[in-house]
Amino acid sequence: EKHAGVSCVTASMDDIQFEEAARVGQIISIRTKVNRAFKTSMEVGIKVTVQDVLTNAEKIVSVAYATYVAKPVDAGKVELKPVELLSAEDHLEHTLAIERRRIRLGYVQVFQKLMQESNKEDTCEEKDAVSTEHTHVQSTELVLPPHANHHGNTFGGQIMAWMQTVASISASRLCRSHPILKSVNMFKFWGPSFVGDRLVFNAIVNNTFHNSVEVGVRVEAYNCEEWIKDQPRHINSAFLTFNAVNDKGELLTFPRVKP
Ligand SMILES: CC(C)(COP(=O)(O)OP(=O)(O)OC[C@H]1O[C@@H](n2cnc3c(N)ncnc32)[C@H](O)[C@@H]1OP(=O)(O)O)[C@@H](O)C(=O)NCCC(=O)NCCS
């Protein structure tokens, strides 16, 4: 909003990898910068680091890229001014941002094609594969004022936090341990939700790999009227990947699953 001069909404988050755990007592720094303004949207780079107070050692927790769209309340689209490039790093990020945009906008089509192809595939069930049925977890949240930004829209980060909780419970049904979030993929805001909406989160394990598990979460929003009429709005979907470790910190192996 500092760059746009008008209110903005989050359109999407690129895939996020978590490199390091941030623990109680450590200092977290979050640095953000508009890398490039396109037409009505812009890429914001976010770097999260954690510093240990005793050793002063600083480690990267995550580097993420969010796309924001300038969207003044009750007004048309706004064309953004270009970003002023002051350093060599600004120039580099500006160049890379257009490449990342090409990839992220192509992603949706690739994913839809993939879904059509995978639907055609014969599902070959492995012996000893575990059913994913018992990994289905549903939760409902009421959006209250502390969950929303200054425009009354639910914070994207709040939705992601609720998603993580439900996905983590889903993953734990397979590993009987506390799953560790490693990445969040394909996180896009299909539409807004507001204070007073009920958000229904449905999570299920999609697949397991050797030491990781992928959980898909779908989020639907209802206002009071939509709730009574059972007319959900699909506002988010994402895929969360978890690892799990035993008491000795060794990675656990997940069982193979069948739908
Ligand atoms: C984001 C939103 C405004 C896009 O609306 P839309 O009608 O699809 O808009 P358009 O198709 O005209 O796209 C607008 C811009 O967003 C960009 N965009 C759309 N989908 C995108 C995605 N998945 N990733 C990155 N950019 C995207 C478009 O490229 C376009 O950018 P440009 O003008 O710079 O070329 C709309 O989906 C929305 O309101 N989502 C909910 C936002 C929200 O509630 N966020 C959480 C709280 S802030």
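Residues numbered from 1 in each chain as written. Predicted model: local features only at pLDDT ≥ 70, side-chain atom pairs only at ≥ 80, totals over all residues. Heavy atoms only, no water.

Digging into the nonpolar core
Here is the rule we go by: Buried Ala, Val, Leu, Ile, Met, Phe, Trp, Tyr and Cys residues form a nonpolar core when they are joined through side-chain atoms within 4.5 Å. The buried label goes to any residue with under 20% of its type's maximum accessible area, the exposed label to any with over 50%, and the partly exposed label to all in between, with areas taken from a 1.4 Å probe on protein chains only. Runs of E in the DSSP output that reach at least two residues are strands. Runs of H or I that reach at least four are helices, and both are numbered from the N terminus. Segmentation into domains, and thus their bounds, comes from an automatic or database assignment. By definition in these notes, contact holds between two residues if any of their heavy atoms fall within 4.5 Å.
Counting 47 residues, the largest nonpolar core has Phe187, Leu199, Phe201 and Val217 as its most contacted members. Contributing elements (two or more residues each) for this core: strand E1 (8-13), strand E4 (41-51), strand E5 (58-70), helix H2 (156-175), strand E8 (180-189), strand E9 (198-208), strand E10 (213-222) and strand E11 (233-243). Counting the residues that make up this core, at least three belong to each of domain 1 (1-114) and domain 2 (128-258). When residues no more than four places from it in sequence are discounted, the contact partners of leucine 199 are Ser139, Thr140, Glu141, Val143, Thr154, Ile159, Trp162, Ser193, Val219, Glu220, Ala221 and Ile235.

Topic: the pairing of E11
In plain terms, the rule: Strands were regarded as paired on the criterion that DSSP finds at least two bridges between them.
Judged by how many residues are buried, E11 sits mostly within the fold: 9 of 11 residues are covered. Alignment of E8 against E11, held across 7 bridges, turns out to be antiparallel. In the strand pairing of E11, phenylalanine 189 is matched with asparagine 236.

A look at the pairing of E5
Here E1 pairs with E5 via 5 bridges, running antiparallel. Within E5, the position partnered with valine 9 by the bridge is valine 69. Sheet topology places E4 next to E5; 11 bridges connect them, and they run antiparallel. Opposite valine 48, over in E5, you have serine 62 as the bridge partner. If you look at the hairpin formed by E4 and E5, you'll find 6 residues sitting between the two strands, and asparagine 56 has a positive phi there, around 70 degrees.

Side note on unusual backbone geometry
Even without a glycine there, the phi angle at arginine 176 is positive, about 50 degrees. With respect to the element layout, arginine 176 can be found in the loop between H2 and E8. By relative accessible area, which is 75% here, arginine 176 ends up exposed. One non-glycine residue, aspartate 230, lies in positive phi territory at about 55 degrees. Here aspartate 230 is to be found in the loop between helix H3 (224-229) and E11.

Some details on the pattern of salt bridges
In plain terms, the rule: One side-chain nitrogen of Lys or Arg within 4 Å of one carboxyl oxygen of Asp or Glu is enough to make a salt bridge.
Across all of its chains, the model carries 12 salt bridges by this definition. Aspartate 14 serves as the salt-bridge partner of arginine 104, at 2.7 Å between the closest nitrogen and oxygen. Separated by 90 residues along the polypeptide, arginine 104 in helix H1 (residues 88-120) and aspartate 14 in the loop between E1 and strand E2 (16-17) bring together distant segments of the chain. Linking glutamate 43 and arginine 104 is a salt bridge whose minimum nitrogen-to-oxygen distance equals 2.7 Å. Residue glutamate 43 is located in strand E4, and its partner arginine 104 is located in helix H1; the two are separated by 61 residues in the primary sequence. Classification of arginine 104 by relative accessible area gives buried; the value is 12%.

Examining the site of the ligand
This is how the line gets drawn: When at least one non-hydrogen atom of a residue lies within 4 Å of a molecule or strand, that residue is treated as near it. Distance and chemistry together define a polar contact, namely a pair of N or O atoms within 3.5 Å, with one atom able to donate a hydrogen and the other to accept it when in protein, and with adjacent residues in sequence counting only for side-chain atoms on both sides.
As a matter of local geometry, the ligand sits amid 23 residues, with Ser12, Lys39, Thr40, Ser41 and Lys77 nearest to it. Serine 12 places a polar side-chain atom, nitrogen or oxygen, 2.8 Å from a nitrogen atom of the ligand. Residue lysine 188 places a side-chain N or O atom 3.4 Å away from a nitrogen atom belonging to the ligand. Secondary structure elements with two or more residues in the shell around the ligand: E1, E5, H1 and E8. No other element matches the 4 residues that E1 contributes to the shell around the ligand. Counting the residues that make up the shell around the ligand, at least three belong to each of domain 1 (1-114) and domain 2 (128-258).

Thoughts on the confidence of the model for the protein
Convention followed: pLDDT expresses how confident the predictor is about each individual residue, on a scale running from 0 to 100.
In the predicted model, the protein carries a mean pLDDT of 92, and 97% of its residues have values of at least 70. Within the protein, H1 has the poorest average pLDDT of any element, 85, and strand E7 (residues 137-142) the best, 98.

Let's talk about the packing of aromatic side chains
Inclusion rule: Only rings of Phe, Tyr and Trp enter the pairing, Trp through its six-membered ring, and a pair is recorded when the two centres are within 6.5 Å. The plane angle decides the type: under 30 degrees is stacked, over 60 is edge-to-face, the rest tilted. Placement of a positive charge over a ring is assigned whenever Lys NZ or Arg CZ falls within 6 Å of the ring centre and within 35 degrees of the normal to the ring plane.
This structure, assessed with the given rule, holds 3 aromatic pairs. Centre to centre, the rings of tryptophan 162 and phenylalanine 201 are 5.9 Å apart; their planes meet at 70 degrees, and the pair counts as edge-to-face. One end of the pair, tryptophan 162, is in helix H2; the other, phenylalanine 201, is in strand E9, with 39 residues separating them in the sequence. Phenylalanine 201 matches tryptophan 162 in its accessibility class, with the two residues each being buried. Aromatic pair tyrosine 222 and tryptophan 227: ring centres 4.9 Å apart, planes at 85 degrees, arrangement edge-to-face. Among the residues examined, tryptophan 227 registers a relative accessible area of 39% and is labelled partly exposed. The side chain of arginine 100 reaches across the aromatic face of tyrosine 65, ending 3.8 Å from its centre. Stacked on the ring of phenylalanine 38, the Lys or Arg arginine 101 has its end atom at 4.6 Å from the ring centre.

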